[in-house]
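One letter stands for each residue in the lines below.
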Amino acid sequence: MVQVGNYNYGYDHCMKPFRIRMAHSIIASYGLDRKMTMIQPPRATAREMTRFHTDDYIEYLQRVTPELAELMPSYNECFLPPLDCPPFDGVYEFCSISAGGSIAGAKRINHGDADIVINWAGGLHHAKKDAASGFCYVNDIVLAILELLRYHQRVVYLDIDVHHGDGVEEAFYTTDRVMSVSLHQFGNFFPGTGDVNDVGVERGKHYAVNAPLREGIGDDAYHFVFRRVMRDVMETFRPGAVVMQCGTDSLSGDRLGCFNLSMKGHAACVEFMKSFGVPLFCVGGGGYTIRNVARTWAYETAVLLDESVSSSMPYNDYYEFFGPEYLLDVPASNRTDMNTRKQLEELCADIHEHMRHVGHAPSVQMQDVPQDWPDQDAGTDNEDDSDNRKHSHDDDLGG
C-alpha cells in the first residue's frame with residue numbers, strides 16, 4: 001500500500017496516489033492493521049496483465065517515459081489520453097503494484113484464506129482493453145474478476161464511484177457470469193455511458209445494471225436506490241463473490257464529483273453488502289479531495305472489521321491535513337438534490353423490470369475447480385494465520 005503512494009501523476013493532476021499513504025497512516029493510528037492479516041503481494045507480471053489487456057498496450061506501458069511520449073505524441077495518444085493519463089515516471093511499476101494486489105486478493109478469496117479482502121489502491125475501473133482512460137491504466141478489477149471466475153460460477157461487480165464503471169462493464173458486457181452494477185452521475189459527465197437501458201448484449205443481456213443519477217444526491221435518496229437494487233441483484237443472481245469498487249468521489253465536497261454523500265452514508269453501502277455473508281472484495285477508485293478519501297477508506301476498513309473507532313482522529317503522520325477539526329468524518333452539505341423521489345422510484349422500477357429477465361441462479365453449481373495458473377502463486381500466501389483468516393489486507397495496496 002505505501003509503495004503505490006510514492007508515484008506522482010503530475011503536480012497539477014487531480015489523481016494523487018499519495019492519498020493511499022494517508023489512509024494507511026490513519027488505519028495504523030487506530031490499530032486496525034493489527035486486527036487483520038496484512039500481506040505484501042507480488043507485483044503483477046506483463047503476462048498476468050495480458051489476460052485482459054492487449055500485448056501491444058502492455059508492452060507500450062513497459063517502455064513509455066515522459067521523454068519518449070514527447071518525441072512521439074501521436075503514437076502515445078493511441079494508448080494514453082495525454083491530459084487524463086500522462087506517461088509519468090514509473091507508470092508501469094505503479095500499474096503492476098495495483099494490479100498485483102487485486103489479483104492476489106482474488107486468490108485469497110479463491111483459496112478460502114479470507115472472506116473479506118481490501119485493496120484501496122485498486123479500483124481503476126475506466127481502463128480499457130487496449131488503452132488507458134479516466135486516470136486508469138490497467139484494469140485491476142477485471143483481472144481480479146477473471147481470477148474469481150476460475151473458482152466461482154457467478155460474480156457481482158458493484159461500483160459506487162461517482163463515475164460510471166465503464167471499463168469493467170464493457171469487459172463483461174456479453175457474459176451472464178458477471179453482473180455489473182453501477183450507481184453514478186449521468187448527463188454531460190464523464191464517461192457519458194451508463195444509461196438505465198444499457199443492459200448488456202448477447203448472453204450478457206440484462207446482466208449489466210445501471211442506475212444513472214443526477215447531481216446532489218444525499219444519503220437517504222442514495223440508499224433508497226442502492227438497497228432496493230442490490231437486494232434484487234443478490235437474491236436473483238446469487239453470486240459466489242462480490243467485488244465492490246468504493247470510489248470516494250461520490251462524497252460531498254469532492255473536487256470532481258457532484259454527489260452529496262457523507263462518509264457514514266458511503267460506508268453504509270459497504271456494511272449493507274457485508275451483511276449478505278458473500279465473500280467481499282473491496283477496492284478503491286476515484287476520490288480527489290484526498291483528506292476525505294483517506295478518512296473514508298480508514299472508516300470503511302473499521303466497518304469491514306466490525307471495529308468501532310473514535311471520531312477524534314489519533315495523531316498520525318499526516319495529522320495536519322485533517323485540521324482544524326481533526327475528526328474522522330465527512331459530513332454532507334446543504335447542496336440541492338436534483339433527484340426527485342418520483343424519478344428514483346421510476347428508476348428502481350425500470351431496473352426491477354430488467355431484472356425480471358434474469359433467470360434465478362440454481363441453488364447448487366457442480367463444476368470442476370481448475371488448477372491455478374502455473375508459476376504465479378509463489379509468495380502470495382506466506383501469511384496463513386488461522387486466527388486471522390476472516391480478514392485480509394494488502395500491505396502494499398489497501399487501507
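On a predicted model such as this, the values are computed, not experimentally measured, just so you know.

1. Quick word on the overall build of the protein chain
- Assigned secondary structure in the protein chain consists of 12 helices and 8 strands.
- Relative to the 2.2 N^0.38 estimate, which gives 21 Å for 399 residues, the radius of gyration of the protein chain is 20 Å and therefore close to what a compact globule would have.
- For the protein chain, the C-alpha atoms occupy an extent of roughly 55 × 50 × 50 Å along the three principal directions.
- In the protein chain, of all internal contacts separated by at least 6 residues, the share reaching a separation of at least 24 is 80%.
- For the protein chain, the exposed area adds up to about 16100 Å²; of that, 47% sits on carbon and sulfur atoms.

2. A closer look at the pattern of salt bridges
- Counting across every chain of the model gives 10 salt bridges.
- One salt bridge connects Arg150 with Glu147, and the closest N-O pair in it is separated by 3.0 Å. Each member of the pair Arg150 and Glu147 is classed as buried.
- For Arg335, the salt bridge identified is with Glu215, shortest N-O distance 3.6 Å. With Arg335 in the loop between helix H11 (290-304) and helix H12 (341-355) and Glu215 in the loop between strand E5 (208-213) and helix H9 (219-237), the pair connects residues that are 120 residues apart, well separated along the chain.
- Three or more residues joined by partner-sharing salt bridges are found here, namely Arg51, Glu147 and Arg150.

3. Remarks on the packing of helix H6 (residues 91-110) against helix H7 (residues 140-148)
- At a minimum axis separation of 8 Å, H6 and H7 run at an interaxial angle of 25 degrees. Here H6 lies roughly parallel to H7, going by the angle between them. Viewed along their axes, H6 and H7 form a crossing whose handedness is right-handed. Of H7, the residues touching H6 (which contributes Ser98, Ala99, Ser102, Ile103, Ala106, Lys107, Ile109 and Asn110) are Asp140, Leu143, Ala144, Glu147 and Leu148.
- When the residues that make up the contact of H6 with H7 are grouped by side-chain class, the tally is 7 nonpolar, 3 polar and 3 charged.

4. Brief notes about the pairing of strand E3 (residues 155-159)
- Where burial is concerned, most of E3 is hidden: 5 out of the 5 residues are buried.
- Neither face of E3 is open: one carries Val155, Tyr157 and Asp159, the other Val156 and Leu158, and all of them are buried.
- Sheet topology note: the E3/strand E4 (residues 178-185) ladder contains 5 bridges and is parallel. What sits directly across from Val155, in E4, is Val178.
- Running through helix H8 (residues 166-171), the crossover from E3 to the neighbouring parallel element E4 is right-handed.
- Bridge count between E3 and strand E6 (residues 241-245): 5 bridges; the pairing is parallel. Looking at E6, one finds that Val156 is bridged to Val242.

5. A word on empty space enclosed by the protein
- Applying the stated criterion across every chain, the model contains 3 cavities of 30 Å³ or more.
- Put simply, the largest cavity is a space of about 70 Å³.
- As for the largest cavity, its lining consists of Val4, Met15, Pro17, Arg19, Ile20, Phe94, Ala121, Gly122 and Leu124.
- Looking at the lining of the largest cavity residue by residue, the classes come out as 7 nonpolar, 1 polar and 1 charged.
- Of the voids in this model, the second largest cavity is the one considered here, and its volume is about 50 Å³.
- Class assignment of the residues belonging to the lining of the second largest cavity gives a composition of 4 nonpolar, 7 polar and 2 charged.

6. Describing the environment of Pro82
- Summarising the element assignment, Pro82 is placed in the loop between helix H5 (73-79) and H6.
- Each C-alpha atom, one on Pro82 and one on Ser29, is 38 Å from the other, the two residues being 53 residues apart in sequence.

7. Brief notes about a nonpolar patch on the surface
- Together, Leu71, Met72 and Tyr75 make up a nonpolar patch on the protein surface, roughly 310 Å² of accessible area in all.
- Tracing the sequence through the fold places Met72 in the loop between helix H4 (66-71) and H5.

8. Looking at the packing of H9 against helix H10 (residues 263-274)
- Look at H9 against H10: their axes get within 10 Å of each other, and the N-to-C directions meet at 15 degrees. Relative to H10, H9 is oriented roughly parallel. Remark: the crossing between H9 and H10 carries right-handed chirality. Within the contact between the two elements, H9 uses Asp219, Tyr222, His223, Phe226, Arg227, Met230, Arg231 and Met234 and H10 uses Gly265, Ala268, Cys269, Phe272 and Met273.

Scoring rules and cut-offs
- Residue positions are given per chain, counted from 1 along the sequence in the order it is written.
- Thresholds applied to this predicted model are a pLDDT of at least 70 for local features of residues and 80 or more for the giving and counting of side-chain atom pairs; totals over whole chains, interfaces and linings are not thresholded and use all residues.
- In computing side-chain properties, one takes all heavy atoms of the structure into account and sets aside hydrogens as well as water.
- Under the scheme used here, helices are H or I runs from DSSP no shorter than 4 residues and strands are E runs no shorter than 2 residues, and both carry numbers assigned from the N terminus.
- Throughout, the radius of gyration refers to the C-alpha atoms, and the reference size of a globule is 2.2 Å times the residue count to the power 0.38.
- Contacts between residues were defined by any pair of non-hydrogen atoms, one from each residue, lying within 4.5 Å.
- The Shrake-Rupley method, run with a 1.4 Å probe, gives the accessible areas here. Residue values count only the displayed protein chains as cover.
- One side-chain nitrogen of Lys or Arg within 4 Å of one carboxyl oxygen of Asp or Glu is enough to make a salt bridge.
- Only protein chains enter the accessibility calculation, which uses a 1.4 Å probe; a residue whose area is less than 20% of its type maximum is buried, one above 50% is exposed, and one in between is partly exposed.
- Only C-alpha atoms enter the line fits that serve as axes; for helices the fit covers just the stretch in contact. Angles between N-to-C directions range over 0 to 180 degrees.
- Angle categories: roughly parallel below 35 degrees, roughly antiparallel above 145, roughly perpendicular from 65 to 115, and oblique for all the rest.
- Crossing handedness: left-handed means the near helix sits turned counterclockwise from the far one by under a right angle, and right-handed means the same turn made clockwise.
- Under the grouping applied here, Gly and all other residues not named as nonpolar or charged are polar, the nonpolar ones being Ala, Val, Leu, Ile, Met, Phe, Trp, Tyr, Cys and Pro and the charged ones Asp, Glu, Lys and Arg.
- Pairs of strands are assigned from DSSP output, requiring at least two bridges between the strands.
- Seen with its strands pointing away from the viewer, a crossover is right-handed when the path leading from the first strand over the helix to the second is clockwise.
- With a 1 Å grid spanning the protein atoms alone, the term cavity applies to any set of points in which a 1.4 Å probe fits but cannot get out, the term pocket to an open set with protein on both sides within 12 Å along at least five of seven lines, and the term lining residue to any residue with an atom within 4 Å of a point.
- Grid points are joined across faces, edges and corners, and a volume is the space filled by probe spheres set on the points.
- Residues enter patches when they are more than 30% accessible in relative terms and free of salt bridges; like-charged ones are connected within 9 Å and nonpolar ones (Val, Leu, Ile, Met, Phe, Trp, Tyr) within 5 Å.

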